[in-house]
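The lines below spell out each chain.
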Amino acid sequence: MIKKLFATALMSFSAAAFAVPFGSQSVLVVDDETGKVLIEKNADTVVPIASLTKLMTAMVVLDAKLDMDEQIEIDRSDVDTVKFSSSRVPVGASIARRDVLHLALMSSDNRAAAALARTYPGGKEGFKAAVRRKIHALGMTQTSIEEPTGLSPHNRSTAVDLVKMATASTKYPEIVRMTTETRDIIDINGRGVEYRNTNRLVGAKGWDVGLSKTGFTNEAGRCLIMNIKAAGKNATLVLLNAGASSARIMDALNIRRFIAGDEPVARVARAATGGSLIKASAGRSKSKASARAKAGAKAKAVSKRKQAKVKTTRKRRD
């Protein structure tokens, strides 16, 4: 009972009152049931959104009711010539549209996303028109999306608008399933190839994820959209422009603990932007830090003894 009361009291706090600083430049956490904002930081700031774009790409493709069993051939024009990002989807491969969508969502493959737009009715221009209509229908007034992958820095939005996109995405069972699988085997030219989820928290112990999408470009930083369940509450979180994957994961972990009414993560970490510290607190993490410090000291002592031994040996040889 006390823990529940503590959690309720925490819900009225803003991000400014949260004990641990966020590594992400924009943060928004919303209670799915009530629509109440639980945590907010720079939620109205318009920034590049990287591969979070692919949730919009998936919705538009699914709205078109296309044949998901139709084979799509990956074309040379699908290759990234903006960031020259790598891909494990070879040019010339013929893949079912369903699997192409899966690759775009789960492993965030840019060639797959580009192929989905290229094969959309009306081609790339037809796809862009459909995206504009979807943005308008969702009331995403601060959003502009020019291409399907998120590689362009001109794909921009706010955390507020992206919560709307995330909420809409959860209405598509295919998107939910594909973004919450840890891995899958996709048939590529008759050979089964394993692909993994870009979000390490999907499938991790203690995490109940109902939607997931990561994103990264130099302009956008590390981004994340997730729908999570914690302490019986469902919440959607948006993290934008974290300086490192570790900062993004730390933010997500602290948000989950915040929702559950627990203490923030107890370990020392330096945020990638600003260099602010997450202070260590008592508990298991502090013990781990102490153990690591002891192990480090022991390793240094061993190293010094080895160096002294080498010096002695050299003197004898001289």
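Here the structure is shown first, and the text comes after it.
What comes next concerns the included structure.

Reading guide: rules and limits
Residues numbered from 1 in each chain as written. Predicted model: local features only at pLDDT ≥ 70, side-chain atom pairs only at ≥ 80, totals over all residues. Heavy atoms only, no water. Helix = DSSP H or I, 4+ residues; strand = E, 2+ residues; numbered from the N terminus. Buried < 20%, exposed > 50% of the residue type's maximum accessible area, 1.4 Å probe, protein only. Contact = heavy atoms within 4.5 Å. Areas by Shrake-Rupley, 256 points an atom, 1.4 Å probe, with all protein chains shown as cover. Core = buried A, V, L, I, M, F, W, Y, C linked by side-chain atoms within 4.5 Å. Pairing = 2+ DSSP bridges. Axes fitted to C-alpha atoms, helices over the stretch in contact; angles between N-to-C directions. Parallel < 35°, antiparallel > 145°, perpendicular 65-115°, else oblique. Left-handed = near helix turned anticlockwise from the far one by under 90°. Nonpolar A, V, L, I, M, F, W, Y, C, P; charged D, E, K, R; others polar. Salt bridge = Lys/Arg side-chain N within 4 Å of Asp/Glu carboxyl O.

Re the overall build of the protein
Along its length, the protein carries 9 helices and 13 strands. By residue count, 46% of the 318 residues in the protein fall in the buried class. Taking the intrachain contacts of the protein between residues at least 6 apart in sequence as the baseline, contacts between residues at least 24 apart amount to 62%. By element, 51% of the accessible surface of the protein is carried by carbon and sulfur atoms, the whole surface being about 16,300 Å².

Points about the nonpolar core
In a soluble, globular protein the nonpolar side chains are often hidden away together inside. Among the nonpolar cores identified, the biggest contains 58 residues, and Met 56, Ile 95, Ile 175 and Ile 225 are the most heavily contacted of them. Examining the composition of this core, we find that 7 residues originate from one element, helix α2 (residues 53–63), more than from any other. Contacts of Ile 225, omitting those with residues within four sequence positions, involve Leu 52, Leu 55, Leu 162, Met 165, Ala 166, Leu 211, Ser 212, Lys 213, Leu 237 and Val 238.

A look at the sheet that holds strand β10 (residues 221–230)
Judged by pairing direction, the sheet is antiparallel, and its 5 strands sit side by side in the order β2-β1-β11-β10-β9 without closing on themselves. The outermost strands of the open sheet, each flanked by one partner alone, are β2 (37–41) and β9 (209–217). Mean inter-strand twist for the sheet, computed between neighbouring axes without regard to direction, equals 10 degrees. By the bridge criterion, 8 bridges tie β10 to strand β11 (residues 233–242) in an arrangement that is antiparallel. Paired with Asn 227 across the strands is Thr 236, a residue of β11. Running over the sheet, helix α6 (residues 159–169) touches β1 (24–31), β9, β10 and β11 and is turned about 135 degrees from β11.

What to know about the packing of α2 against α6
Taken N-terminus to C-terminus, the directions of α2 and α6 make an angle of 40 degrees; their axes are 10 Å apart at the nearest point. If you check the angle between α2 and α6, you find them oblique. Considering only the axes of α2 and α6, their crossing is left-handed. Of the residues in α6, those in contact with Leu 55, Met 56 and Met 59 of α2 are Met 165, Ala 168 and Ser 169. Tallied by class, the residues present in the contact of α2 with α6 amount to 5 nonpolar, 1 polar and no charged.

So, the pattern of salt bridges
Tallied over the entire structure, the rule returns 9 salt bridges. Between Arg 97 and Glu 70 there is a salt bridge whose closest N-O contact spans 2.9 Å. In this pair, Arg 97 is assigned in helix α3 (residues 97–106) and Glu 70 in the loop between α2 and β4 (71–73), connecting sequence segments 27 residues apart. Note that Asp 161 is salt-bridged to Lys 164, the shortest N-O span being 3.8 Å.

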